[in-house]
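A closer look at the structure
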Amino acid sequence: MSGPFLEATGLRGGYGAADILHGCNLSVEKGRIAVIVGPNGAGKSTAMKAVFGMLPLREGRVMLGGRDITGLTPQARVAAGMGFVPQVRNIFPTMTVEENLEMGGFLRRDDIRPTIEQVYDLFPILGDKRHQAAGELSGGQRQQVAVGRALMTRPQLLMLDEPTAGVSPIVMDELFDRIIEVARTGISILMVEQNARQALEIADTGYVLVQGANRFTDTGAALLADPHVRASFLGG
Amino acid sequence: MTARTIAMFLLVLLLILLTGFLQSWNTALYILNMGLVSAIMALGLNAQWGFAGLFNVGVMGFVALGGLAAVLVSEPPVPEAWAAGGPRLLLALGTGLATIALVVAVHKRIGKRWLRIATTVILACLGFALYRMLFDPARDAIEAVDPATTGFLGGLGLPVLIAWPVGGLFAAGAAWIIGKTALGLRSDYLAIATLGISEIIISILRNEDWLARGVKNVVGIPRPVPYEIDLQQDPGFAGTAAGLGLDPVTASTLYVKLLYAGLFAIVLVALVVLSQLALNAPWGRMMRAIRDNETAAAAMGKDVTRRHLQVFILGSAVCGLAGAMMTTLDGQLTPGTYQPLRFTFLVWVMVIVGGSGNTLGGVLGGFLVFFLWVQVEPLGQALMQVLTLPLPDGALKGHLLESAAQMRLLTMGVVMLLVLRFAPRGLLPER
Amino acid sequence: MDLLNALVALTNFVIVPATAYGAQLALGALGVTLTVAVLRFTNVAHGDTMAFGTMVTILATWGLQSLGISAGPLPTALIALPVGIAVTAWLLLATDRMVYRFYRRNRASSAILLIVSIGVMFVMNGIVRLVIGVDEQRFDDGARFLVSARDFKEMTGLDEGLAIRSSQAITLVTALTVMVALFWFLNRTRSGKSMRAFADNRDLALLSGIDPDRVVRITWVLVAALATIAGTLYGLDKSFKPFTYFQLLLPIFAAAIVGGLGSPVGAIVGGFIIAFSEVGLTYAWKKVLGYTLPAGLAPDGLVQLLGTEYKNAVSFLILVLVLLIKPTGLFRGTST
Ligand SMILES: Nc1ncnc2c1ncn2[C@@H]1O[C@H](COP(=O)(O)OP(=O)(O)OP(=O)(O)O)[C@@H](O)[C@H]1O
Ligand SMILES: [Mg+2]
């Protein structure tokens, strides 16, 4: 197989008559981390939804592992190996941590116990709180539940929309470490981040999205070094 | 007014005229009069649901309060009953109100939680005991006064037309209490709360004989129009009737109904004009802005709950007014006949069918749905006659023919569901 | 001795009837709360769904009786219950297909769905009236009493008798079984968990591959079962009259709201709170007080706080109190 694992090209579309995305391109290599940064309202979440099939596209194509998945429903994309953690409302609040994970693996017909144990290994705190309602956890723990839920289908591509929103810097570093760990197991990661500097540090590829189009695309390190990017998007 | 509106109202006129020619003019005028009353009820509900998105599932209660007003204002007082226990009863009611006021005041003053709960509970219990001690003997004394014909305090003996606005006030009072409690919470809480208060109002009317004779009914409520008998004995009237080729009995009933129609039409037109003015004023624009986007309106500093309370009270008052008018038309208050399907949910069908949010839509719905309500029964009967023609006489045929009378509710439901599905904005949509 | 008598009288007139009634309300409120949690609307037609289910059960009971089939000491209606549930489930699924599904697909607001359910209520009410009429029907057969007042008095030698009607015992046993089964289903099975997930976060449930149509179907079947069982138990205990079932809507909704709309545990607790308050406030306490208070203090009135005609006022008062003090209900439910 040649080319990146996920390749979305020329995405155009929006919620109503007006387009939010104006020809946006995204790709992730196998087992690598790609990070999307950009100002609020740039269309980052919209781009994620487009890749996941939750947005009607007027133009553009999404390829996963060499297969054209542009026409698939989100559910079918889950079956095809994609996992998605939305920006908001990404857990089942009244269900226990363990039930959240079970629901994540709802489509699987084989034994999901080992995967649950793997998630507990990755996020030990979840193992301790497995019988607690997810809605009663702290913000950082809830994000871990959300990521764990998405991992339950054993995806090859994990998409995260602002996984560190609203968590403290220490927890954020911890979460980033876990995400790197996930990537090491061969899972590709596409992630939107507000904490641009830290995220780009761990990114293999970085995208700066402005008004629904790519403004800058480079390796994470190169973007961090780029004075234009620094001045406009990283706060100097 | 659009061509569609005019066409629809012409249709109503046509239907009523057809009823007159094919069935009887008495039925036609009955449909017209009750159509006018229904239109006013629909106007009230439309203000709440159509303009503000509020669920009032207690129209029946407000309508019944209007009916109570008709009794309390226009019936002559019963001096024996007043002598037997009137003042004591008033004292009891005053004690009850004072208790509530005291409990509320104390509840607000005391900061400590357990102390607050304890004192309010104790005060409420003491007040209730005192109330019952005063109330029970007074009630028994009043109800013992000639129970076959009176057994209640009677009213003020004033002209019945005064009862109409008073009915509105009664309903407004009840609406204020409900609105204060349930507005500003989940929208369906208001639905349940109004459902509850209307059931309670009906229970009170059915059981508090001292108030309006309960299920013994108050009949012969004084009228704002002449009595048929008097007309028939008036030589001038008989002469005019003869000139029109009518016998005096028919002429008198028609004349009386027409007089009612005139009175009702005046009220309806006044209400329509007022609500149009209100809707086009800044107040109405704000109401609609709130309905269409509550969050945004709240963010712009509008006090949404207060506005909702206003429109909820206004709409309920209109329902109360309609209730007083209806009781005046009937000449009697019969609490046993108040059914939620007829007086709450049918009004909902009217608003939905007519067009929620459109003043004239609600009015149209009132006429059309009431027409249907009356005519479904003979139509269903006729239909069933035809359908069961091939069946042998027997239990099944008898049951089917009998049950045809129940076709009404089914029809109303089907009509409502069809309109919701295929013309969700009603026959006369809001612009 | 007097204290024992008081206790027996209290059990006989308050605790036993209120427990049975509370169980019936709880089952009704469970149906309402499931609709709110999963389908996200307040179903005004629930009372009439109960009436419909009970009606089918009654018809099936009559059918069985005419065939000479009975359940011995138990009411025949218990054997007829599955028929009632099946037909009601079919009706609700058909209604969903023809009515509700359209609005769900269009993501209509819960307000619109509430209004739609008014239309459905008219239709169901019409069907019930067409088929069985508006009159009262009694359909309990089998043994009348589990414990009769006379036997109890003879057995214990007390002045007060304790009667437990079989319908009350059956209500309790059935309701308990149904509740345990329901909680087992919701908490232990894949389908039940998918229902809770759907109720919790519809979009995420879709992303997880949960089939919304299946969840909706399961919910309607559960609602049909709960409504039919609640209605039949109520009918066995009191009697069947379509209009009474409409009036049950108020205590049932009050129970669901008091417990917290959308919370199954809340629905059960709410049902018992409403039932005990209703029976307690409308019971004439003279007898019980007469036994417990010293002779001089015994009351001469009935000590009935409210006439039984005002029992719906009790549900309403509790509802108002809860709305004023804790509008989300005792247990946290879903929000629409
Ligand atoms: N469901 C929606 N319906 C209509 N418009 C939407 C919707 N969601 C987002 N938008 C609009 O699309 C644009 C892009 O929104 P999007 O959520 O993609 O931004 P974002 O880059 O993720 O911002 P943030 O950093 O705040 O999460 C915004 O103008 C927003 O108003
Ligand atoms: Mg976003």
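Source: prediction; values computed, not measured. Residue positions are given per chain, counting from 1 as you read along its sequence in written order. Whichever chain is written first becomes A and whichever ligand is written first becomes 1, with later ones labelled in order. With pLDDT at 70 or above as the cut-off, local features in this predicted model cover only qualifying residues; side-chain atom pairs require 80 or more to be listed or tallied, and sums for whole chains, interfaces and linings still use all residues. With hydrogens and water stripped out, all remaining heavy atoms of the structure feed into the side-chain values.

1. A few points about the overall build of chain A
- Within chain A, the secondary structure is distributed over 10 helices and 10 strands.
- Relative to the 2.2 N^0.38 estimate, which gives 18 Å for 236 residues, the radius of gyration of chain A is 17 Å and therefore close to what a compact globule would have.
- Overall, chain A is about 45 × 40 × 35 Å in size when its C-alpha atoms are taken along their principal axes.
- What sets the accessible areas is the Shrake-Rupley method with a 1.4 Å probe; for residues, cover comes only from the shown protein chains. With the model as given, the accessible surface of chain A reaches about 10,000 Å², and the carbon-plus-sulfur share is 49%.
- Neither His nor the chain termini are counted; the positive set is Lys and Arg, and the negative set is Asp and Glu. In plain terms, the charge of a residue is placed at NZ if it is Lys, CZ if Arg, CG if Asp and CD if Glu. Computed over 23 positive and 25 negative side-chain charges, the inter-centroid distance for chain A is 5 Å. Where helices and strands are cited, they refer to DSSP runs of H or I of at least four residues and of E of at least two residues respectively, numbered from the N terminus. Note on method: radius of gyration uses C-alpha positions; expected globular size equals 2.2 Å times residues raised to 0.38.

2. Structural notes on the UniProt feature "transmembrane region" (unreviewed entry) in chain C
Residues and elements named next belong to chain C.
- UniProt positions are given in the numbering used here, feature names are shortened, and annotations may be inferred rather than shown by experiment. In this numbering, the UniProt entry assigns the feature "transmembrane region" (unreviewed entry) to residues 20-39, 51-71, 77-99, 111-132, 162-186, 215-236, 248-276 and 313-331.
- Taken end to end, residues 20-39 comprises 100% helix and 0% strand; its first and last C-alpha atoms sit 28 Å apart.
- The annotated region residues 313-331 carries 68% helix and 0% strand content, and the separation between its end C-alpha atoms amounts to 23 Å.

3. Points about the coordination of the magnesium ion (ligand 2)
Residue and element names in this part refer to chain A.
- Only nitrogen, oxygen and sulfur atoms count as donors, using a 2.8 Å cut-off from the metal that widens to 3.2 Å for Na, K and Ca. Water is left out, so coordination shells may look unfilled. The magnesium ion (ligand 2) binds to the protein through Ser 45 (OG) and Gln 87 (OE1), with metal-donor distances spanning 1.9 to 2.2 Å. Of this pair, Ser 45 sits in helix 1 (residues 44-52) while Gln 87 sits in the loop between strand 6 (82-85) and helix 3 (97-104), and the two are 42 residues apart along the sequence.
- Three labels apply to residues, based on accessible area from a 1.4 Å probe with only protein chains included: buried if under 20% of the type maximum, exposed if over 50%, partly exposed otherwise in between. The exposure class of Gln 87 is partly exposed, given its relative accessible area of 31%.

4. Regarding the interface of chain B and chain C
- Taken together, the contact between chain B and chain C spans 44 residues of the former and 49 residues of the latter.
- Across the chain B/chain C interface, buried area totals approximately 4,100 Å², and carbon plus sulfur atoms make up 74% of it.
- For the chain B face of the interface with chain C, the top three residues by lost area are B:Tyr189, B:Ile192 and B:Arg421, together amounting to 15%.
- In what follows, salt bridge is the name for a side-chain nitrogen of Lys or Arg lying within 4 Å of a carboxyl oxygen of Asp or Glu. The tally of links from chain B across to chain C stands at 0 salt bridges. Only heavy atoms enter the contact rule, under which two residues are in contact if any of them lie within 4.5 Å. As a working definition, buried area equals the accessible area (1.4 Å probe) given up by two parts on being put together, with both sides summed.

5. Considering the interface of chain C and chain A
- Facing 17 residues of chain C, the contacting portion of chain A comprises 22 residues.
- Interface area, chain C with chain A, both sides summed: about 1,900 Å², of which 53% is carbon and sulfur.
- Of all residues in chain C, the largest losses of buried area upon contact with chain A belong to C:Arg190, C:Asp200 and C:Leu207, amounting jointly to 35% of the total for that side.
- Applying the counting criterion to the chain C and chain A interface returns 2 salt bridges.
- Taking the shortest distance from any N to any O, the salt bridge between A:Glu99 and C:Arg196 comes out at 2.8 Å.
- Of all the secondary-structure elements, those providing two or more residues to the side of chain C that touches chain A are helix 7 (190-200) and helix 8 (202-207) of chain C.
- Per element, the largest residue contribution to the side of chain C that touches chain A is 6 residues, and it comes from helix 7 of chain C.
- Counted by class, the side of chain C that touches chain A contains 6 nonpolar, 5 polar and 6 charged residues. By the convention adopted, Pro, Cys, Tyr, Trp, Phe, Met, Ile, Leu, Val and Ala count as nonpolar, Lys, Arg, Asp and Glu as charged, and the other residues, Gly among them, as polar.

6. Quick look at the packing of aromatic side chains
- Ring pairs shown here join Phe, Tyr and Trp side chains whose ring centres sit within 6.5 Å, with only the six-membered ring taken for Trp; geometry is labelled stacked below 30 degrees between planes, edge-to-face above 60, and tilted in between. Summed over the entire model, instances satisfying the criterion amount to 26 aromatic pairs over all chains.
- Seen in terms of ring centroids, B:Phe128 and B:Tyr131 are 6.2 Å apart; in terms of plane orientation they differ by 35 degrees. Their pairing is tilted. Linking B:Phe128 with B:Tyr131, this pair stays in helix 5 (residues 113-144), spanning 3 residues, or about one helical turn.
- Residues C:Tyr100 and C:Trp220 carry aromatic rings whose centres are separated by 5.3 Å and whose planes lie at 20 degrees to one another, so their mutual orientation is stacked. Of this pair, C:Tyr100 sits in helix 3 (residues 77-105) while C:Trp220 sits in helix 9 (residues 212-237); the two residues are 120 residues apart in sequence, bridging distant segments of the chain. Like C:Tyr100, the residue C:Trp220 is buried in the burial classification.

7. A word on unusual backbone geometry
Residue and element names in this part refer to chain A.
- The phi torsion at Glu 162 lies on the positive side, around 50 degrees, for a residue other than glycine.
- Within the fold, Glu 162 resides in the loop between strand 7 (157-161) and helix 7 (169-184).
- The backbone phi angle of Gln 211 is positive, close to 45 degrees, even though this residue is not glycine.

8. Describing the sheet that holds strand 5 (residues 67-68) of chain A
All names here are of chain A.
- Should DSSP find at least two bridges between two strands, the strands are regarded as paired. If you trace the 4 strands from one edge of the open sheet to the other, you get 2-1-4-5, paired in antiparallel fashion. Edge positions in the sheet fall to strand 2 (21-28) and strand 5, since each has one partner strand and no second.
- Taken together, the 6 bridges between strand 1 (residues 6-13) and strand 4 (residues 57-64) define a ladder with antiparallel strand orientation. Each bridged residue has a counterpart across the sheet, and for Leu 6 the counterpart in strand 4 is Leu 64.

9. Points about the site of ligand 1
Residues and elements named next belong to chain A.
- Being near a molecule or strand, for a residue, means having at least one of its heavy atoms within 4 Å of it. Among the 13 residues in the neighbourhood of ligand 1, the closest are listed as Asn 40, Lys 44, Ser 45, Thr 46 and Gln 194.
- Interatomic distance of 3.3 Å between a side-chain N/O atom of Tyr 15 and a nitrogen atom of ligand 1.
- Residues adjacent in sequence count toward polar contacts only when both atoms are side-chain atoms; beyond that, a polar contact is any pair of N or O atoms within 3.5 Å, and within protein one must be able to donate a hydrogen and the other to accept it. Within the side chain of Lys 44, one N or O atom sits 2.7 Å away from an oxygen atom of ligand 1.
- Considered on its own, ligand 1 offers 630 Å² of accessible surface; in the complex 59% of this is hidden by protein.

10. Observations concerning the nonpolar core
- Here the nonpolar core consists of buried residues drawn from Ala, Val, Leu, Ile, Met, Phe, Trp, Tyr and Cys, with membership extended through side-chain atoms lying within 4.5 Å. Of all hydrophobic cores here, the largest spans 268 residues; its most connected members are A:Leu190, B:Phe345 and C:Leu27.
- By convention here, the domain bounds are inherited from an automatic or database domain assignment. Built from parts of two domains, this core gets at least three residues from each of domain 1 (3-77 + 154-422) and domain 2 (78-153) of chain B.
- Among residues more than four places away in sequence, those in contact with B:Phe345 are B:Val57, B:Leu195, B:Pro340, C:Val44, C:Ile118, C:Met121, C:Phe122 and C:Phe246.
- In terms of nonpolar packing, the next biggest core, distinct from the first, is built from 45 residues, A:Val37, A:Leu101, A:Leu175 and A:Val229 among them.

11. Here's the deal with the sheet that holds strand 9 (residues 205-210) of chain A
Residue and element names in this part refer to chain A.
- Taken in spatial order, the 6 strands line up as 6-7-8-3-9-10 in an open sheet, and their pairing is mixed. Unpaired on one side and paired on the other, strand 6 and strand 10 (213-219) mark the two borders of the sheet. On average, each strand axis in the sheet is inclined to that of its neighbour by 15 degrees, with strand direction left out of account.
- Of the pairings in the sheet, the one linking strand 3 (residues 33-37) to strand 8 (residues 188-192) comprises 4 bridges and is parallel in character. Note on strand 8: the bridge partner recorded for Ile 36 is Val 192.
- Between N-to-C directions, angles cover 0 to 180 degrees, with each direction set by a line fitted to C-alpha atoms, over the stretch in contact for helices. Lying on the sheet, helix 1 is in contact with strand 3, strand 6, strand 7, strand 8 and strand 9; it crosses strand 7 at an angle near 150 degrees.
- Against the sheet, helix 7 makes contact with strand 3, strand 7 and strand 8, and its axis sits at roughly 150 degrees relative to strand 8, the strand it touches most.

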